[in-house]
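# Summary of structural features
Chain by chain, the residues run as shown.
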Amino acid sequence: MPTPIDSVSNYCHRWCERCPFTERCSLIAHEREFMPKEMQQEILPLPNAFPAMSGPFSDFLRRLEDQLQHLGSSLSEIGYGVGEEEPRPSGLHPSALSRLAMDVAVAGMKDLRETPWMPNIYDGADFSKPGVQAAKEFSWYSIMIGPKFRRCLPHEMRGTGRGVTDGFHLDAARTARLTHLVLARTIAGITVLLEQYGSPAWEDLRPTLEGSLRLLAALRELHPRTHEYRRPGFDDPAERSHLEAFYDGFPPVDPFVDGTWSRGGRAPVE
């Protein structure tokens, strides 16, 4: 039996179908041992790798800027410094950020299946197509934004507006790292959807994109040392080769690994 990883489920994306540590997850092991089979979570087959959703986050930002320019917008207008060394202030109190995070998640849960541009991501979906890969990731990650963002805002911070200090709880730090990834992958998914479906997708996805960019700036400002806090398993350097193999060389977007961000923003040049 593979060696379990303690607490790996505490900071995961809950996507067991595409998780490299499902067989080493103590939560899944507990469920299989103690829960009736009919109550256990069904893990549906999905491709491990979504090649269209892999690559440096900085590359996705350049492609997003190209799409926004074509659509009459730009990251300089709505990006809050997403591609810059330091994020720009979000301009919102933590309590307002908490509400925005929930609003963005609700927007992400909007049923887009009836829109003429949205591809099928359910039974019979063709996951070889970039638009389908992007739509699947967007549908999964965007709904996590609200609860994950709120979890990395300590309750006392929501009322005072103070930044996070060196002594903040480890759970908030690790959750902040996960939330960075949730927001980055949502933005990357929207980028590919705009490339594939153009103006119709922009009309539906604009509120989620603008809200995600603002929340990401706030998160980078509130948690400037997030890169120092590793989640069990996922951020363990010893597991890097396993992650690469699991995703067939196409791991999900991770700005902390690809050099997009480090202390304060961009990773230093070696």
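Note that the coordinates shown come from a computational prediction; the quantities given were computed from them, not determined experimentally.

## Comments concerning the overall build of the protein chain
What the protein chain contains, in helices and strands, is ten helices and zero strands. Along its sequence from the N terminus, the protein chain presents helices and strands in the succession α-α-α-α-α-α-α-α-α-α. Taking all 270 residues of the protein chain together, the buried fraction comes to 50%. The contacts of the protein chain with a sequence gap of at least 6 include a subset with a gap of at least 24, amounting to 77%.

## What about the side chain of Arg-185?
Structurally, Arg-185 can be placed in helix H8 (residues 170-222). Among the polar contacts made by the side chain of Arg-185, one reaches the side chain of Tyr-141 at a distance of 3.1 Å.

## What about the nonpolar core?
Ranked by size, the top nonpolar core spans 55 residues in total, and within it Phe-57, Phe-149, Leu-205, Leu-209 and Leu-215 carry the most contacts. Of all the secondary structure elements, the ones that give two or more residues to this core are helix H2 (57-70), helix H3 (75-78), helix H4 (94-108), helix H5 (130-141), helix H6 (145-151) and H8. Listed in part, the twelve residues of the second largest apolar core include Ile-5, Cys-19, Phe-21 and Phe-246.

## Details of the packing of H4 against H8
Relative placement of two packed helices is described by the angle separating their axes and the distance separating the axes. It is the contact of H4 with H8, at a shortest axis distance of 10 Å, that shows an interaxial angle of 145 degrees. Both H4 and H8 take part in a crossing whose hand is left-handed. Where H4 abuts H8, its residues Leu-97, Leu-100, Ala-101, Val-104, Ala-107 and Gly-108 lie against Thr-208, Gly-211, Ser-212, Arg-214, Leu-215, Ala-218 and Leu-222. Considering only residue class, the contact of H4 with H8 consists of eight nonpolar, four polar and one charged.

## Description of the packing of aromatic side chains
Taken as a whole and assessed by the stated rule, the structure comprises seven aromatic pairs. Relative to Tyr-141, the ring of Trp-15 has its centre 5.8 Å away and its plane inclined at 75 degrees; by these criteria the two rings are edge-to-face. Separated by 126 residues along the polypeptide, Trp-15 in the segment before helix H1 (26-34) and Tyr-141 in helix H5 bring together distant segments of the chain. On the basis of relative accessibility, which here comes to 2%, the residue Tyr-141 falls in the buried class. Seen from their ring centres, Phe-246 and Tyr-247 are 5.0 Å apart, and the 90 degrees between their planes marks the pair as edge-to-face. Note on accessibility: Phe-246 and Tyr-247 belong to one class, buried. Joined through ring pairs, the aromatic side chains of Trp-15, Phe-50, Phe-127, Trp-140 and Tyr-141 make up one cluster. One Lys or Arg, Arg-18, reaches over the ring of Trp-15 and ends 4.9 Å from the middle of that ring. The positively charged end of Arg-177 is found above the aromatic ring belonging to Phe-256, 4.6 Å away from the centroid.

## Let's talk about the side chain of Thr-22
Relative to the assigned elements, Thr-22 resides in the segment before H1. The class of Thr-22 is buried, set by a relative accessible area of 10%.

## As for the pattern of salt bridges
This structure, assessed with the given rule, holds ten salt bridges. We note a salt bridge from Arg-177 to Asp-235, for which the minimum N-O separation is 3.1 Å. Taken together, the residues Arg-177 in helix H8 and Asp-235 in the loop between H8 and helix H9 (240-246) connect sequence positions 58 residues apart. Just as Arg-177 is buried, Asp-235 falls in that class too. Residue Asp-235 is joined to Arg-231 by a salt bridge in which the shortest nitrogen-to-oxygen separation is 2.9 Å. Here Asp-235 matches Arg-231 in class, with each residue buried. A single salt-bridge network, built from bridges that share partners, covers Arg-177, Arg-231 and Asp-235.

Cut-offs and rules
Residues numbered from 1 in each chain as written. Predicted model: local features only at pLDDT ≥ 70, side-chain atom pairs only at ≥ 80, totals over all residues. Heavy atoms only, no water. Helix = DSSP H or I, 4+ residues; strand = E, 2+ residues; numbered from the N terminus. Buried < 20%, exposed > 50% of the residue type's maximum accessible area, 1.4 Å probe, protein only. Contact = heavy atoms within 4.5 Å. Polar contact = N/O pair within 3.5 Å; in protein donor to acceptor, adjacent residues only side chain to side chain. Core = buried A, V, L, I, M, F, W, Y, C linked by side-chain atoms within 4.5 Å. Axes fitted to C-alpha atoms, helices over the stretch in contact; angles between N-to-C directions. Left-handed = near helix turned anticlockwise from the far one by under 90°. Nonpolar A, V, L, I, M, F, W, Y, C, P; charged D, E, K, R; others polar. Phe/Tyr/Trp six-rings, centres within 6.5 Å; stacked < 30°, edge-to-face > 60°. Lys NZ or Arg CZ within 6 Å of the ring centre and 35° of its normal. Salt bridge = Lys/Arg side-chain N within 4 Å of Asp/Glu carboxyl O.

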